[in-house]
Amino acid sequence: DVKVTQSSRYLVKRTGEKVFLECVQDMDHENMFWYRQDPGLGLRLIYFSYDVKMKEKGDIPEGYSVSREKKERFSLILESASTNQTSMYLCATARPLQAGGVTDTQYFGPGTRLTVL
Amino acid sequence: GNSVTQMEGPVTLSEEAFLTINCTYTATGYPSLFWYVQYPGEGLQLLLKATKADDKGSNKGFEATYRKETTSFHLEKGSVQVSDSAVYFCALSAAGGTSYGKLTFGQGTILTVHP
């Protein structure tokens, strides 16, 4: 079974703090993703990585950065947390596209609920 | 750009009722389509998927058919159980290597099933 773990289930931070959210996977997947989940908006992609040290912006990258120094670990960084970054953050992993360009299943961690005061 | 629209929720049903959650999409080319489910306190997990037109995905009694002519992928189950209470997300992944398998999600539909 794929296991995707996130460093914290709940986190409370203050405005202006630097926040690190970590995601670790044990399935040797190349692709890793960070989403935020907000009621009525579904999941929105923040950043993704398709290889070590490689990263691409998603749909809402502003205010975030990422780091992938090892294949199994993908970190999301909030450089200066703000109240509008209060949300549920979900990490996911997947193998590369399959034959014919077919998308593989994404496997999700349990999420980190971040509150910024 | 790509987008996914799900029916407004929340949906409340009695046990053994029939379930339909509508999902329509906008995308270029031939995307893959997915339904993910999120049980309380957990991350998302794949429920079913379809990768080409007229494909039917099925799992745990749930079904959805990829309809290219109506750009839809509606989720159905003939008889829901209390344990099906969860949030359901429709998603698509654009075709092609440069997509890297990124998913575009709908807003989610909360389903509550009462005994």
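The coordinates are above.
Here the residue index of a chain counts from 1 through its sequence in written order. Each chain takes a letter, starting from A, and each ligand takes a number, starting from 1, following the order in which they are written. Whole-chain, interface and lining totals are the exception, using all residues; otherwise, since this is a predicted model, local features are given only for residues with pLDDT of at least 70 and side-chain atom pairs are given and counted only at 80 or more. Excluding hydrogens and water, the side-chain figures rest on all heavy atoms present in the structure.

Draft legend 1. Geometry of the overall build of chain B. Runs of E in the DSSP output that reach at least two residues are strands. Runs of H or I that reach at least four are helices, and both are numbered from the N terminus. The helix and strand tally for chain B stands at zero helices and 12 strands. Secondary structure elements in chain B, listed N-terminal to C-terminal, are β-β-β-β-β-β-β-β-β-β-β-β. Its C-alpha radius of gyration of 14 Å places chain B within 12% of the 13 Å reference for a compact globule of 115 residues. Note on contacts: a residue pair is in contact if any heavy atoms of the two residues lie within 4.5 Å. In chain B, of all internal contacts separated by at least 6 residues, the share reaching a separation of at least 24 is 56%. Note that accessible areas follow from Shrake-Rupley with a 1.4 Å probe, and for residues the cover is restricted to the protein chains shown. About 5200 Å² of surface is accessible on chain B, with carbon and sulfur atoms providing 50% of the total. Asp and Glu are treated as the negative residues and Lys and Arg as the positive ones, with His and the ends of the chain left uncounted. Charge positions come from single atoms, namely NZ of Lys, CZ of Arg, CG of Asp or CD of Glu. Side-chain charges in chain B split into 8 positive and 10 negative, and the spacing between the mean points of these groups amounts to 10 Å. Radius of gyration here uses only the C-alpha atoms, and the compact-globule reference equals 2.2 Å multiplied by the residue count raised to the power 0.38.

Draft legend 2. Focus on the sheet that holds strand β3 (residues 19-25) of chain A. Residues and elements named next belong to chain A. In this description, strands pair whenever DSSP reports at least two bridges between them. With respect to topology, four strands assemble into an open sheet ordered β1-β3-β8-β7, the strand pairing being antiparallel. Only two strands of the sheet have a single neighbouring strand rather than two, namely β1 (4-6) and β7 (64-70). The average undirected angle you get between the axes of adjacent strands in this sheet is 20 degrees. To get an axis, fit a line to the C-alpha atoms, keeping to the stretch in contact for a helix; angles then go from 0 to 180 degrees between the N-to-C directions.

Draft legend 3. Local environment of the sheet that holds strand β3 (residues 19-21) of chain B. Residues and elements named next belong to chain B. If you trace the four strands from one edge of the open sheet to the other, you get β3-β9-β8-β7, paired in antiparallel fashion. In this open sheet, the two edge strands, each paired with only one partner strand, are β3 and β7 (56-59). Here the strands of the sheet are splayed against their neighbours by 15 degrees on average, with no regard to which way each runs. As paired elements, strand β8 (residues 62-65) and strand β9 (residues 75-77) share three bridges and run antiparallel to each other. Within the sheet, the bridge partner assigned to Ala-64 lies in β9 and is Leu-75.

Draft legend 4. Fine view of the interface of chain B and chain A. Opposite the 24 residues of chain B that make contact, chain A presents 22 residues. Summing both partners gives a buried area of about 1800 Å² for chain B against chain A, and 58% of it is carried by carbon and sulfur. When a carboxyl oxygen of Asp or Glu lies within 4 Å of a side-chain nitrogen of Lys or Arg, that pair is called a salt bridge. Our count for the chain B to chain A interface comes out at zero salt bridges. Side-chain atoms alone can form a polar contact between residues adjacent in sequence; in general such a contact is a pair of N or O atoms within 3.5 Å, and within protein one must be able to donate a hydrogen while the other accepts it. The tally of links from chain B across to chain A stands at four residue pairs in polar contact (both at pLDDT 80 or more). For the side of chain B that touches chain A, the elements supplying multiple residues, two or more each, are β5 (32-38), β6 (44-50), β10 (86-93) and β11 (103-105) of chain B. The element that contributes the greatest number of residues to the side of chain B that touches chain A is β5 of chain B, accounting for four residues. Polarity classes work like this: nonpolar for Ala, Val, Leu, Ile, Met, Phe, Trp, Tyr, Cys and Pro, charged for Asp, Glu, Lys and Arg, and polar for all others, with Gly in that last group. Of the residues contributing to the side of chain B that touches chain A, the split by class is nine nonpolar, 12 polar and three charged. As used here, buried area is the combined drop in accessible area, with a 1.4 Å probe, of two parts when they are placed together.

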